[in-house]
Amino acid sequence: MISGLMFRDGIISAANNISNSRQAVDALNIFPVPDGDTGTNMSMTITAAKKEVMGMSDDSTIGDVASRCASALLRGARGNSGVILSLIFRGFAKAFKDIDEADGNDVAKAFRMGTDAAYKAVMKPTEGTILTVIRKSAEAAEEMAKANDDPIEVCFAALQAAREALAKTPEQLPVLKKAGVVDAGGQGLVLIFEGFNSVFGHDAIVQPLDGSGVEPVATPDKKTVAEASGDIEFGYCSEFLIEKAKDAQEKDPLRLRAYLESIGDCVVVVDDDTIIKVHVHSNCPGNVIQSALKYGQLINIKIDNMRYQHRNAEVGVKEGEKPIEPEVIEPEVIEPENKYGFVAVCAGEGLEELFTDLGTDVIVSGGQTMNPSTDDILNAVMRTPAKTVFVLPNNKNIIMAAEQAIPLASDREVRVLQTKTIPQGISAMLAFDDSEDAETNQMTMMEMANAVETGQVTFAARDSEIDGEPVKKGEIMGLCNGKIVFTGEDCEEIAFKTVNRLFKKSQHSLVTLIYGEGVSEDDAAKLEERLKNKHKNDMEISVVNGGQPIYYYIISVE
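Read on for a plain summary of the structure.

What counts, and at which threshold
- In every chain, residue numbers begin from 1 and rise along the written sequence.
- For a predicted model such as this one, the threshold for reporting local features is a pLDDT of at least 70, and the threshold for listing and counting side-chain atom pairs is 80 or more; totals across whole chains, interfaces and linings nevertheless cover every residue.
- Hydrogens and waters are ignored; side-chain quantities use all the structure's heavy atoms.
- A run of DSSP states H or I qualifies as a helix once it reaches four residues; a run of E qualifies as a strand once it reaches two. Both are numbered from the N-terminal end.
- Working definition: with a 1.4 Å probe on protein chains only, accessible area under 20% of the residue-type maximum means buried, over 50% means exposed, and in between means partly exposed.
- For this analysis, residues touch if any pair of their heavy atoms sits within 4.5 Å.
- The method behind every accessible area is Shrake-Rupley, applied with a 1.4 Å probe, and residues are considered shielded solely by the protein chains displayed.
- As used in this record, nonpolar core signifies buried Ala, Val, Leu, Ile, Met, Phe, Trp, Tyr and Cys residues forming a set joined through side-chain atoms within 4.5 Å.
- In what follows, salt bridge is the name for a side-chain nitrogen of Lys or Arg lying within 4 Å of a carboxyl oxygen of Asp or Glu.
- Here a helix's expected span is defined as the number of its residues, less one, multiplied by 1.5 Å.
- Here the arc refers to the directions that run from the helix axis out to each C-beta atom.
- What qualifies as a polar contact is a pair of N or O atoms within 3.5 Å, subject to a donor-acceptor requirement within protein and to the restriction that residues adjacent in sequence count only when both atoms come from side chains.
- Should DSSP find at least two bridges between two strands, the strands are regarded as paired.
- Inter-axis angles, ranging from 0 to 180 degrees, are taken between N-to-C directions of lines fitted to C-alpha atoms, where helices are fitted over the stretch in contact.
- Centres within 6.5 Å are what make two rings of Phe, Tyr or Trp a pair, Trp counting through its six-membered ring; a difference in plane orientation under 30 degrees is then read as stacked, over 60 as edge-to-face, and the rest as tilted.
- Ring-over charges, as used throughout, are those where CZ of Arg or NZ of Lys falls within 6 Å of the ring centre and within 35 degrees of the ring normal.
- Should an angle fall under 35 degrees it is taken as roughly parallel, and over 145 as roughly antiparallel, whereas 65 to 115 is taken as roughly perpendicular and any remaining angle as oblique.
- Two helices cross in a left-handed way if the nearer one is turned anticlockwise from the farther one by less than a right angle. They cross in a right-handed way if the turn is clockwise.
- All residues other than Ala, Val, Leu, Ile, Met, Phe, Trp, Tyr, Cys, Pro, Asp, Glu, Lys and Arg, Gly among them, are scored as polar; the first ten of these are nonpolar and the last four charged.
- Here the term cavity refers to a set of points on a 1 Å grid, laid over the protein atoms alone, in which a 1.4 Å probe fits but cannot get out; the term pocket refers to an open set having protein on both sides within 12 Å along at least five of seven lines, with lining residues being those that place an atom within 4 Å of a point.
- Grid points are joined across faces, edges and corners, and a volume is the space filled by probe spheres set on the points.

### Quick word on the overall build of the chain
Reasoning step 1: Within the chain, the secondary structure is distributed over 21 helices and 16 strands.
Reasoning step 2: Going through the 558 residues of the chain one by one, you find that 53% of them count as buried.
Reasoning step 3: A separation of at least 24 residues holds for 71% of the contacts in the chain among residues at least 6 apart in sequence.
Reasoning step 4: Roughly 26,300 Å² of accessible area belongs to the chain as shown, and the carbon and sulfur atoms make up 48% of that amount.

Shown next as C-alpha cells:
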C-alpha cells in the first residue's frame, strides 16, 4: 500500500529530481518564442507542492496529502506545462479522496482521472506531448492493476510506459524529429515519475544538487531573443487566479476557456471547488480580465508584455537602465451619425487605398502574420461614424477576434462578415447596396464573397512536408483557396499555374492580380501577358499594386 508518508516523500523526491535536470529540460524547447522554459516552469510548479507538504505529519492520509498537493500545484502553476501538471495531480487527488492508503486499483484510477483532467482542459489536444505520456501511463497502470494489485508494481508499469511514450514523441511531432529532441513537457513528467519511483521502489528521496534551485535560468542571448520577437502573434501573457463567487454572473469555466481561445492562444483554464487558474496569451489583456471578473475576484494577477520584453532585449537594455516606454494611444470615439460604415483589415498601401476607394471608413492594419486584437477592431469600430458598422476581417484567423467586438460597442450595431481572404472582402464591398437594410446587405455581401476563388503566392517560412513531398524554407508556394497545390523556385511560374488551376472557362471571366512586396510592375505585366496569350478573350485581367507583405500575389477569380 502507498501511504500518505510515501506520497509526501514522493512529491519531495519528484520536485528535487526535476529541479536537478531543469536546465536540460529547458534546452528541449524548440519553438522560437517559448512560453517560459518548460523545465523551470514544471520545477517551480511542483516545488510549490513540495513546500506545502513538507510540514505534513508522517501519519497523514494519502487523501490529505494529495489534496494539499493538488491545491498548491494549482496556485503555483507556471506556464502551460505547469498547469497541465497541476491537472494531473488534481486527478490523483480526486482518486485518493477520503482514503488512508492506496492499493493498485486506486493508483490506476488516479492515473486515469489525471489523464482525463489534463485532456479536458486543452481545447485542441496534440499527441506527441505531455498528454500522450500521461495517457500511456494510465493505460499501462490499468493493465497492470488487472493482473497485480501491488501499487508499487502499478506505479512502475506507468513509469515504464511513460519512458516509452516519451521516446516516441518525435515520431508523432515532425518538428521534434527534425530538431532531434523529445517533448520537453513529457520529459519533465518522466523525471517527476522517476522521483516518485525512487521513494516507492527504493525508499530513497532524490536529493537536490548544488545550484539546482528553481530560480529561472540565465537569460538567453539578446540577439537570439530579439530575432524571435517577430514571431510573437499574441503580445501579452496573462496569469491569475479567480476566487469563485457564489453569486457570480458566470459559473462554467468552459465558457471562459472558449472565449479566451477566440482571442488568444496557449490557453489553459482549470478549476477546483474554490479556485480557477487561468493562463493565456492575447493582444487584449483588458478583455481577459473583464471576462474573468464575471466568475469572481482575481488574485495573483501577472501580465507580461512579451513584445516589450523582446524589444528591450533587442536594443540591449541593461540592468538598472530605463527601458523603452511603450507608446500609449488613447482610443478615439466618433459619434455614429451615418446609417452604415465599414471597417476592413488589410496590409499594404495599395490594398488600404483600394478598400478606402470602395467605401471603407477605417482600415485596421493586419493580416496573415499581424492578427489585430479585439481592441484594435473595437477601436476602429468606435472611430467609424455609423449606426451600423460592417467589419471585414479578410482572414480566417481574425474572424473570431472581430466577433468579440460585437457586444462591446454599446452605442452602435456591429456586423462581422466572415470574409477569409482579401478577394472575398473586395467582392463583399462591391455588393453593398445603401438602399437595402443591414440584414439583406449582410446576406448579399457574404453570398458574393463566397462565390470568389482565391489564389495566393507566398514563400515557405520553414522546412516542411506537404503530402509527403519535402518543401524547403524559402521555396515559392501557390495556394488555391487555402490549400498548397504548387511549389517551386520561380514566382511567375507558380503564379501562372495557380491562376490556371482556379480559372474555369465556363464559370469565370475576371481575374484580378494583386501584386505585393518583392514583385515589380514589370513582373506583374509579364504574368498578365502570359495569361492573355493562353486564355485570349476568355479572361479579363486587372492588375493592382497592393503592396502587401508575405504574399507575392493575391489572386481573385470570378
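### Some remarks on the nonpolar core
If you look at soluble globular proteins, the nonpolar side chains tend to sit buried side by side.
Reasoning step 1: If you look at the biggest cluster of nonpolar residues, it comprises 63 residues, and the most contacted ones within it are F7, I46, F89, F111 and I192.
Reasoning step 2: Mapped by element, the contributors of at least two residues to this core are α1 (4-20), α3 (38-53), α4 (62-76), α5 (79-96), α6 (104-121), α7 (130-147), α8 (151-172) and α10 (184-202).
Reasoning step 3: With nine residues, the single largest contributor to this core is α10.
Reasoning step 4: Ranked by size, the runner-up nonpolar core spans 24 residues in total, among them L502, F503, V511 and L527.

### Considering the pattern of salt bridges
Reasoning step 1: Per the stated rule, a full pass over the model turns up 19 salt bridges.
Reasoning step 2: For E139, the salt bridge is made with K136, and the minimal N-O distance between the two is 3.8 Å. On the criterion of helical spacing, the pair formed by E139 and K136 is a turn pair, its members being three residues apart in helix α7.
Reasoning step 3: Here E139 falls in the partly exposed class, since its relative accessible area comes to 29%.
Reasoning step 4: Under the relative-accessibility criterion, K136 is labelled partly exposed at 35%.
Reasoning step 5: As a salt-bridge pair, R255 and E250 come within 3.2 Å of each other at their nearest N and O atoms.
Reasoning step 6: For R255, a relative accessible area of 53% puts it in the exposed group.
Reasoning step 7: For E250, a relative accessible area of 18% translates into the label buried.

### Digging into helix α13 (residues 285-292)
Reasoning step 1: Judged by how many residues are buried, α13 sits mostly within the fold: six of eight residues are covered.
Reasoning step 2: Restricting attention to buried positions, one finds in α13 the residues P285, N287, V288, I289, S291 and A292.

### A closer look at helix α19 (residues 438-450)
Reasoning step 1: End to end, α19 covers 18 Å across 13 residues, agreeing with the expected 18 Å (1.5 Å per residue, within 8%).
Reasoning step 2: Listed as buried for α19 are A438, N441, Q442, M445, M446 and A449. Down the axis, α19 shows its buried residues gathered within 120° of arc, on one side only. Exposed side chains of α19 directed beyond 90 degrees from the buried face belong to M443, E447 and N450.
Reasoning step 3: The inward-facing, buried residues of α19 abut β5 (338-346), β7 (386-392), β8 (413-416) and α18 (422-430).
Reasoning step 4: The residue sitting at the N-terminus of α19 and contributing the capping side-chain oxygen is D437; that oxygen lies 3.3 Å from the backbone nitrogen of E439.

### What about the sheet that holds strand β4 (residues 296-305)?
Reasoning step 1: If you walk across this open sheet you meet the four strands as β2-β3-β1-β4, and the pairing is antiparallel. Edge positions in the sheet fall to β2 (264-271) and β4, since each of these pairs with one other strand and no more. Taken over all neighbouring pairs, the strand axes of this sheet differ in orientation by 10° on average, direction set aside.
Reasoning step 2: Taken together, the eight bridges between strand β1 (residues 236-244) and β4 define a ladder with antiparallel strand orientation. Bridge pairing links Y236 to N305 in β4.

### A look at the packing of aromatic side chains
Reasoning step 1: In total, this model carries 13 aromatic pairs according to the counting rule given.
Reasoning step 2: Taking the centre distance of 6.2 Å and the plane angle of 55° together, the rings of F459 and Y552 count as tilted. With a gap of 93 residues between them, F459 in strand β9 (residues 453-459) and Y552 in the loop between β15 (540-545) and β16 (553-557) connect regions that are remote in the sequence.
Reasoning step 3: Under the relative-accessibility criterion, F459 is labelled partly exposed at 33%.
Reasoning step 4: One aromatic cluster is present, built from ring pairs that chain together F7, F89, F92, F96, F111, F193, F196 and F200.
Reasoning step 5: Over the ring of F496 we find R530; its NZ or CZ atom is 4.0 Å from the centre of that ring.

### Side note on the sheet that holds β8
By definition, the strands of a sheet pair up through backbone hydrogen bonds, in either a parallel or an antiparallel sense.
Reasoning step 1: The parallel open sheet is built from four strands, whose spatial order is β6-β5-β7-β8. With partners counted over all chains shown, the strands left at the sheet margins are β6 (362-365) and β8, one partner each. Looking at each pair of strands side by side, their axes are set apart by 20° on average, direction ignored.
Reasoning step 2: Here β5 pairs with β7 via six bridges, running parallel. Bridging across to β7, G341 finds its partner in V389.

### Here we look at the packing of α1 against α4
Reasoning step 1: Between α1 and α4, the shortest axis-to-axis distance is 7 Å and the interhelical angle comes to 25°. The angle between α1 and α4 falls in the class roughly parallel. Here the hand of the crossing between α1 and α4 comes out right-handed. Of the residues in α4, those in contact with G4, F7, R8 and I11 of α1 are I62, V65, A66 and C69.
Reasoning step 2: Broken down by class, the residue content of the contact of α1 with α4 amounts to six nonpolar, one polar and one charged.

### Some points on empty space enclosed by the protein
Take a probe with the size of a water molecule and roll it over the atoms, and the empty space left behind shows itself.
Reasoning step 1: Evaluated as defined, the whole model comprises one cavity of 30 Å³ or more.
Reasoning step 2: Taken as a whole, the largest cavity encloses approximately 190 Å³ of empty space.
Reasoning step 3: No other element matches α10, which puts four residues into the lining of the largest cavity.
Reasoning step 4: For the lining of the largest cavity, the per-class residue count stands at 15 nonpolar, one polar and no charged.

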